[in-house]
Amino acid sequence: KEVQKAMEEANKSYAYLWDLMKRGGEIIAEGCGAEAGWITSGAFNGLVLSAAACIAGRDPEKIRRLPDTEGMKNEIILQRANRILIYDRSMQVAGGKFVLVGDERWGCTPELMEAAITENTAAINHVIIGTDKPRIVTIEEVVKVAHKHDVPVILDCSGMTYPLDELTKFAEMGVDLACYGGKYVGGPNSTGFIVGR
């Protein structure tokens, strides 16, 4: 009865969806200590949008062409030893082309990652699942290498929401786009958000 009453009350008011999205993103960004935020339909979608933003930027013509990224900066660097094979495919949805560095078994080094950066590099993707795996370039090192070359970092940290400082530490660290799953903060299963620049 309480839910029905709340729904009936909400049905008396209307909001322009883009205004609601923008304001929701502002509230999330504030709570996460980030410059900006955006609500998505899940962390996967957050990764798609992040890759698209890094590839096309604010150029309307490039945005319209996605996922055709021919002639654009479209390379996304990933460590072979630090992948979630289902979710990193999200960047290919936006037209990203993978540049895999290091070895699946022996890991990667900052030097190998830095050597992979070219004029076609759109971003470096990193995934965090609890604690970092041994022999990979840590997120702190990824940020250092990427920013040395003015390359943005896309972080898949979908479940890293507790303790609550996990929601602020990546923005403080300098990660450009951190993607979270809404289900990990009590939201519906197919919700999420991006925070960063």
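Up top is the structure these notes are about.
Right, let's walk through the structure included here. The structure presented is a predicted model; accordingly, all values stated were derived computationally and were not measured.

## Some thoughts on the overall build of the protein
- Helix and strand counts for the protein stand at eight helices and seven strands.
- The C-alpha atoms of the protein give 18 Å as radius of gyration, which agrees with the globular expectation for 197 residues (16 Å, within 12%).
- By its C-alpha atoms, the protein is 60 × 40 × 25 Å across when sized along the principal axes.
- The buried share of the protein, taken over its 197 residues, is 43%.
- If you take every contact in the protein between residues at least 6 apart in sequence, the share linking residues at least 24 apart comes to 59%.

## Concerning the sheet that holds strand β2 (residues 75-79)
- Read across the sheet, seven strands follow the order β1-β7-β6-β5-β4-β2-β3 without closing on themselves; strand pairing throughout is mixed. Here the strands that pair on one side only, and so sit at the sheet edges, are β1 (36-40) and β3 (97-101). Put simply, the sheet's adjacent strands are angled 25° from each other on average, direction ignored.
- Of the strand pairs in this sheet, β2 and strand β4 (residues 121-127) are connected by three bridges, and their pairing is parallel. Bridge pairing in β4 places Ile76 opposite Ala123.
- Strands in contact with helix α3 (residues 43-56) are β1, β4, β5 (153-156), β6 (177-181) and β7 (192-196); relative to β6, the strand with the most contacts, it is inclined by about 160°.

## Some remarks on the pattern of salt bridges
- All told, the structure shown has eight salt bridges when counted by the stated rule.
- Glu26 serves as the salt-bridge partner of Arg23, at 3.2 Å between the closest nitrogen and oxygen. Of the two residues, Arg23 and Glu26 are both situated in helix α2 (residues 17-32); the distance of three residues between them amounts to about one turn of the helix.

## Observations regarding the environment of Val195
- Tracing the chain through its elements places Val195 in strand β7.
- The spacing of Val195 and Pro152 is 43 residues in sequence and 13 Å in space, taken between C-alpha atoms.

Rules of the game
Residues numbered from 1 in each chain as written. Predicted model: local features only at pLDDT ≥ 70, side-chain atom pairs only at ≥ 80, totals over all residues. Heavy atoms only, no water. Helix = DSSP H or I, 4+ residues; strand = E, 2+ residues; numbered from the N terminus. Rg over C-alpha atoms; globule rule 2.2 N^0.38 Å. Buried < 20%, exposed > 50% of the residue type's maximum accessible area, 1.4 Å probe, protein only. Contact = heavy atoms within 4.5 Å. Pairing = 2+ DSSP bridges. Axes fitted to C-alpha atoms, helices over the stretch in contact; angles between N-to-C directions. Salt bridge = Lys/Arg side-chain N within 4 Å of Asp/Glu carboxyl O.

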